[in-house]
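Read off the chains here:
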Amino acid sequence: METNRISIIVPIFKVEKYLYRCIDSLIIQDYSDIEIILVDDGSPDRCGDICDDYAKKDDRIKVIHKKNGGLSSARNRGLDIATGSYIMCVDSDDYVEKNFCSYALEKALQTQADIVVFGYNDVYERHVEIQSVSQGERYGVEEALAELHGGKLLSFAWNKIYKAKLFDGIRYPEGRLFEDVGTTYKLFDKANFIYHASGVTYNYQKRGDSILGKSLSPKGAIDWFEMDMERLEFLKMKYPNIAGSVIPSNADRHAGYATCFVLLDAALIATARTAPA
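## Describing the overall build of the chain
Regarding its fold elements, the chain presents 9 helices and 10 strands. Out of the 277 residues in the chain, the part that is buried amounts to 50%. The long-range share in the chain, meaning contacts at least 24 apart out of those at least 6 apart in sequence, stands at 80%. Total accessible area computed for the chain in this model is approximately 13300 Å², and 52% of it derives from carbon and sulfur atoms.

So, in structure tokens, the structure goes:
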């Protein structure tokens, strides 16, 4: 018998400072039919021990310890063992509101959408900014895909609830940064439709040392640009009606590649200057 269990996947690496807050926000959810999958991605601090301690106290928690492989690898391991009918993702330095699961599931059941997108807070040291706010809008797949390219819906993995079946045959690209750019459009493509809910239940911690908080690295620039090009070529092949509005011109493509190479050259020069004689 199918239930409405939600599998929450939490990749973990070097976030000891934030991890208690993250897990505490999950175990107090007002919806109880959840499994919390904590994936210790070879973290060198006490994160693995902290996960084990929580698992001893709450049988809804599953812990995976693995060799460091990056965010995509950790998420994929969680997906491999998830048993829920729905999937949600949480980054381990973030935290969620008490109704994070119940609100998302309520909207998914009410609307019958395979994916529900919701708002989030950018949490800075001294203030909070609300992002991705909606009045409650339904998007067909083609319309939603167009909104992913600099629009309202965004590619983030963590401000969404997904029907688990959408991940059949889809995993996050390992070895790449900004992995959700290369994945979310594929999930949208398989969905019946996407609903953008009005609630704000996720708190995104703005950190200077996180992937999104750091200055764009050469690898980050190249990964992001190449996955964006893959996504746009996919749209051109399968959704030509929106291709013209979202696929950049040749000049834009050349500019993107030029940015990647400029960053790469700068990194090589910096490395050469700091290398021992």
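Anyway, onward from the coordinates.
## A short note on the nonpolar core
Ile6, Ile8, Val90 and Tyr202 are the most contacted members of the largest nonpolar core, which totals 40 residues. When residues of this core are traced back to their parent elements, those giving at least two are strand 1 (6-12), helix 1 (16-27), strand 2 (34-40), helix 2 (47-57), strand 4 (86-89), helix 4 (100-111), strand 6 (115-123) and strand 10 (194-205). In contact with Val90, other than residues within four places in its own chain, are Ile8, Ile9, Val10, Pro11, Cys22, Leu26, Val96, Phe100 and Tyr202. Residues Val141, Leu153, Phe188 and Leu232 belong to the second largest nonpolar core, which totals 34 residues.

## Considerations on the confidence of the model for the chain
For the chain, the average pLDDT comes to 88, and 83% of its residues sit at 70 or higher. Ignoring residues within four places in sequence, the model shows residues 210-214, a span with pLDDT below 50, making 11 contacts including any to other chains.

## A few points about unusual backbone geometry
Despite not being glycine, Ser132 has its phi angle at roughly 55°, a positive value. Along the polypeptide, Ser132 turns up in the loop between strand 7 (128-131) and strand 8 (137-139). Despite not being glycine, Phe178 shows a phi value in the positive range, around 55°. Tracing the chain through its elements places Phe178 in the loop between strand 9 (160-163) and helix 6 (184-190). For Phe178, a relative accessible area of 8% translates into the label buried.

## Overview of helix 4
Compared with the 16 Å implied by 1.5 Å per residue over 12 residues, the 17 Å span of helix 4 between its first and last C-alpha is a close match. Of the residues making up helix 4, those classed as buried are Phe100, Cys101, Tyr103, Ala104, Leu105, Lys107, Ala108 and Thr111. Gln112 sits one or two residues past helix 4 and shows a positive phi near 65°.

## Some details on the side chain of Thr184
Here Thr184 lies in helix 6. The exposure class of Thr184 is buried, given its relative accessible area of 0%. A polar contact is formed between the side chain of Thr184 and the backbone oxygen of Ser155, at a distance of 2.6 Å. When residues no more than four places from it in sequence are discounted, the contact partners of Thr184 are Leu148, Leu154, Ser155, Phe156 and Lys160.

Rules used throughout
Along each chain, residue indices are assigned from 1 in the same order as the chain's sequence is written. Reporting of local features is limited, given that this is a predicted model, to residues whose pLDDT is at least 70; pairs of side-chain atoms are given and counted only at 80 or more, and all residues count toward the totals for whole chains, interfaces and linings. Derived side-chain values reflect all non-hydrogen atoms in the structure, with water molecules and hydrogen atoms excluded from consideration. Numbering of helices and strands runs from the N terminus, with a helix taken as a DSSP run of H or I at least four residues long and a strand as a DSSP run of E at least two residues long. To sort residues, take the accessible area from a 1.4 Å probe on protein chains only and compare it with the maximum for the residue type: under 20% means buried, over 50% means exposed, and anything in between is partly exposed. Residue contacts follow a heavy-atom distance rule, with two residues in contact if any of their heavy atoms lie within 4.5 Å. Accessible areas in this description were obtained via Shrake-Rupley with a 1.4 Å probe; residue shielding takes into account the shown protein chains only. As used here, the term nonpolar core means buried Ala, Val, Leu, Ile, Met, Phe, Trp, Tyr and Cys residues forming a set that is joined through side-chain atoms within 4.5 Å. The predictor attaches a confidence to each residue, called pLDDT, with possible values from 0 through 100. Multiplying one less than the number of residues by 1.5 Å gives the expected span of a helix. Two N or O atoms form a polar contact when they lie within 3.5 Å of each other; inside protein one atom must be a possible hydrogen donor and the other a possible acceptor, and for residues adjacent in sequence the pair counts only when both atoms belong to side chains.

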